[in-house]
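Observations on the model geometry
Residue strings, one per chain:
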Amino acid sequence: MTSKVTWLSHSAFLIEHEGAKLLIDPFLTGNPLCPIKAKEIEADYILVSHGHGDHIGDTVAIAKRTGAMVIANFEICNWLDTQGIKNVHPQHIGGGFDYPWGRVKLTIAHHGSQLPDGSYGGNPCGFLLTLGDTKIYHACDTGLFYDMKLIGEEGIDLAILPIGDNFTMGPDDALRAVQLLEPATVIPIHYNTFEVINQDPEQWAKRVEQESSAKCRVLKPGETLEL
Ligand code: NI
Ligand code: MN
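Remember, predicted model here, so these are calculated numbers, not experimental data. (Residues numbered from 1 in each chain as written. Chains lettered and ligands numbered in written order. Predicted model: local features only at pLDDT ≥ 70, side-chain atom pairs only at ≥ 80, totals over all residues. Heavy atoms only, no water.)

**Side note on the coordination of the nickel ion (ligand 1)**
Rules: Each metal site is built from N, O and S donor atoms within 2.8 Å (3.2 Å for Na, K and Ca), and since water is not included, such sites may look incomplete. Four donors are marked tetrahedral only if all angles between them lie between 85 and 135 degrees, whereas four are marked square planar and six octahedral if opposite donors are more than 155 degrees apart and the other angles lie between 65 and 115; the remainder are marked irregular. Helical segments are the DSSP runs of H or I of at least four residues, strand segments are the runs of E of at least two, and each set is numbered from the N terminus.
For the nickel ion (ligand 1), every protein donor is listed as His 50 (NE2), His 52 (ND1), His 111 (NE2) and Asp 141 (OD), and the spread of their distances is 2.1 to 2.3 Å. Relative to the metal, the four donor atoms surrounding the nickel ion (ligand 1) lie at angles of 87 to 176 degrees, and the coordination shape comes out irregular. The sequence pattern describing where the donors of the nickel ion (ligand 1) fall on their chain is H-x1-H-x58-H-x29-D. For the pair the nickel ion (ligand 1) and the manganese ion (ligand 2), the metal-to-metal distance amounts to 3.3 Å, and Asp 141 bridges them. Residue His 50 is found in the loop between β4 (45–47) and α1 (53–56), and its partner His 111 is found in the loop between β8 (102–108) and β9 (125–131); the two are separated by 61 residues along the sequence.

**Some points on the nonpolar core**
Using the following cut-off: Put simply, buried Ala, Val, Leu, Ile, Met, Phe, Trp, Tyr and Cys residues joined by side-chain atoms within 4.5 Å make one nonpolar core. Relative accessibility under 20% of the residue-type maximum defines a buried residue, over 50% an exposed one, and the middle range a partly exposed one, all with a 1.4 Å probe and only protein chains included. In this analysis, two residues are considered to be in contact whenever any of their non-hydrogen atoms come within 4.5 Å of each other.
Ranked by size, the top nonpolar core spans 51 residues in total, and within it Tyr 137 and Leu 161 carry the most contacts. Of the residues forming this core, the biggest block, six residues, is contributed by helix α5 (residues 171–181). Not counting residues within four places of it along the chain, the set of residues in contact with Leu 161 comprises Tyr 137, Ala 139, Met 169, Ala 174, Ala 177, Val 178, Leu 181, Val 186, Ile 187, Pro 188 and Ile 189. Cys 34, Ala 68, Val 70 and Trp 79 belong to the second largest nonpolar core, which has 24 residues in total.

Listed below in structure tokens is the structure:
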């Protein structure tokens, strides 16, 4: 069963698998690179990695309009409840859950997670998705950590890694992350949305292909990779 993985720019993805539409970190409104409006997006599930505005983004509005279930850590799910979002599934780091379309495990991420109104957002996370035979690791916002090697031991088909620097791993550490994870394919994200995270993804892709066994796919916002 194939999965369609569409990059919406920054950290946001739409993944379609077995008829389910999974939206990850939907920062669409106010995102200068995003090719789609929040009111146009359809989703069955929304996965939120942490509370920062460039990740939780349009979650509340999209969840209200579509009825999508939000998957996030316990603290963010509690906060969403105060925003009128009742269809939530809290998980936490290290824990996995089998949904009708596949499994979601929350992985560690070294970052912050304060919500837009200043509320405590718990620990930030990344996502390890198992969709049929395919494993996708979305690191979300994080610095490099050596335990990526443990995540890589699960056999990663697609790794999604930030390369923007300043707030997350930059190109050098993201390359080391590829070497620890040993994914079949990697997609760089979280760059060029703001000036402070400007990077050259094509240059990074060359380094990945020279210095690791992974293939690098540089997507344009709105472009889809089929797995
Ligand atoms: Ni962040
Ligand atoms: Mn971010």
